[in-house]
Amino acid sequence: NAGVMQNPRHLVRRRGQEARLRCSPMKGHSHVYWYRQLPEEGLKFMVYLQKENIIDESGMPKERFSAEFPKEGPSILRIQQVVRGDSAAYFCASSPGGEQFFGPGTRLTVL
Amino acid sequence: EDQVTQSPEALRLQEGESSSLNCSYTVSGLRGLFWYRQDPGKGPEFLFTLYSAGEEKEKERLKATLTKKESFLHITAPKPEDSATYLCAVQANQGAQKLVFGQGTRLTINP
């Protein structure tokens, strides 16, 4: 059973561009979570999704950030008009309903 | 607001020198307390879940314990490959299933 997959592993964007981060959960897992880890800071919750539904987006910045988990395909975290402060590691986790299992992360660098 | 504090921030041990890492928490009703291991440049790796005070779980050289206010991760006779950052997180009973993480303890085991 493959683990949580994230791509790309590294992403470089210039200020003002869009970043799209993808997450494929473990087989059989219907819960997906996104977390952000800023340099020298801990992991912070962003959003929790189930298929086609956003359950909790209390950790998402109000502007420029959106997430989806469509019926078919991976979950997508989208950041519009990126700024330097968006540079961070973004981790996706999936769960069957209990423990959360993390992917390897996408490291976003904004130039 | 749910909060997790880990101590120490960093710990250096000699190979074979046992010690404990602390995780203090405040949460509005604990659903579960989770321990993860994170290696540089990788995603958190799940270690343990503890649900109620008095519970203990073991895996190789690691043992996790839980009280009503804190959890300890005991490491017995560590080896250099145990070097990593150890993360503690809590999940509250109410609301969605997000994890609230501490800042982590960076453990280094010298040969």
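Above this note sits the structure.
Residues numbered from 1 in each chain as written. Chains lettered and ligands numbered in written order. Predicted model: local features only at pLDDT ≥ 70, side-chain atom pairs only at ≥ 80, totals over all residues. Heavy atoms only, no water.

What follows concerns the pairing of strand 5 (residues 45-50) of chain B. Residues and elements named next belong to chain B. Burial analysis of strand 5 places 5 of its 6 residues in the buried class, which makes it a mostly covered element. For strand 4 (residues 30-38) and strand 5, the ladder comprises 5 bridges, and the chain directions are antiparallel. Looking at the pairing, arginine 37 lines up with glutamate 45 of strand 5. In sequence, strand 4 turns back onto strand 5 through a hairpin of 6 residues, with glycine 41 there showing a positive phi of about 75°. (Buried < 20%, exposed > 50% of the residue type's maximum accessible area, 1.4 Å probe, protein only. Helix = DSSP H or I, 4+ residues; strand = E, 2+ residues; numbered from the N terminus. Pairing = 2+ DSSP bridges.)

Within this structure, the stated rule accounts for 9 aromatic pairs over all chains. Aromatic pair A:Tyr35 and A:Phe45: ring centres 5.8 Å apart, planes at 70°, arrangement edge-to-face. Placement of the pair is A:Tyr35 in strand 4 (residues 31-37) and A:Phe45 in strand 5 (residues 43-50), with a sequence separation of 10 residues. For A:Tyr35, a relative accessible area of 0% puts it in the buried group. When its relative accessible area of 9% is taken as the criterion, A:Phe45 is described as buried. Ring geometry for A:Phe102 and B:Tyr36: centres 5.3 Å apart, planes at 90°, overall edge-to-face. (Phe/Tyr/Trp six-rings, centres within 6.5 Å; stacked < 30°, edge-to-face > 60°.)

All names here are of chain B. If you walk across this open sheet you meet the 5 strands as 1-3-8-7-6, and the pairing is antiparallel. Two strands in the sheet have a free side with no partner beyond their single neighbour: strand 1 (3-7) and strand 6 (56-59). On average, adjacent strands in this sheet sit at an angle of 15° to one another, irrespective of strand direction. By the bridge criterion, 5 bridges tie strand 1 to strand 3 (residues 19-26) in an arrangement that is antiparallel. Across the sheet, glutamine 3 pairs through a bridge with threonine 26, a residue of strand 3. (Axes fitted to C-alpha atoms, helices over the stretch in contact; angles between N-to-C directions.)

Under the defined criterion, the tally for this structure stands at 7 salt bridges over all chains. For B:Lys57, the salt bridge identified is with B:Glu55, shortest N-O distance 3.8 Å. Residues B:Glu56 and B:Lys63 are paired through a salt bridge, measuring 3.6 Å at the closest nitrogen-oxygen approach. Given the relative accessible area of 27%, B:Lys63 is considered partly exposed. A cluster of three or more residues bridged by salt bridges with shared partners is formed by A:Glu18, A:Arg20 and A:Arg78. (Salt bridge = Lys/Arg side-chain N within 4 Å of Asp/Glu carboxyl O.)

The next thing to look at is the state of the cysteines. Note on terminology: disulfide describes a covalent bond linking the sulfur atoms of two cysteines. Residue and element names in this part refer to chain A. Counted under the stated rule, the structure contains 2 disulfides over all chains. Note on cysteine connectivity: cysteine 23 is disulfide-linked to cysteine 92, with sulfurs 1.8 Å apart. Residues cysteine 23 and cysteine 92 are joined through a disulfide that is left-handed, its torsion about the S-S bond being -50°. Placement of cysteine 23 in strand 3 (residues 19-24) and of cysteine 92 in strand 9 (residues 88-95) is noted, with a sequence separation of 69 residues between them. Judged by relative accessible area, which is 0%, cysteine 23 ranks as buried. (Disulfide = S-S within 2.5 Å.)

Turning our attention to the interface of chain B and chain A. On the chain A side, the residues contacting the 19 residues of chain B number 22 residues. Sorting the residues of chain B by area buried against chain A places B:Gln97, B:Lys98 and B:Phe101 first, and these three jointly supply 32% of that buried surface. For the pair chain B and chain A, the interface holds 0 salt bridges. Elements with a minimum of two residues in the side of chain B that touches chain A: strand 4, strand 5 and strand 9 (84-92) of chain B. If one sorts the elements of the side of chain B that touches chain A by residue count, strand 4 of chain B sits on top with 3 residues. (Contact = heavy atoms within 4.5 Å. Buried area = accessible area lost by both parts, 1.4 Å probe.)

What follows covers the sheet that holds strand 3 of chain A. All names here are of chain A. Pairing in this open sheet of 4 strands is antiparallel, and the strands run 1-3-8-7 from one edge to the other. At either end of the open sheet lies a strand with only one pairing partner, and these are strand 1 (5-7) and strand 7 (65-68). Here the average twist between neighbouring strands, direction ignored, is 15°. Alignment of strand 1 against strand 3, held across 3 bridges, turns out to be antiparallel.

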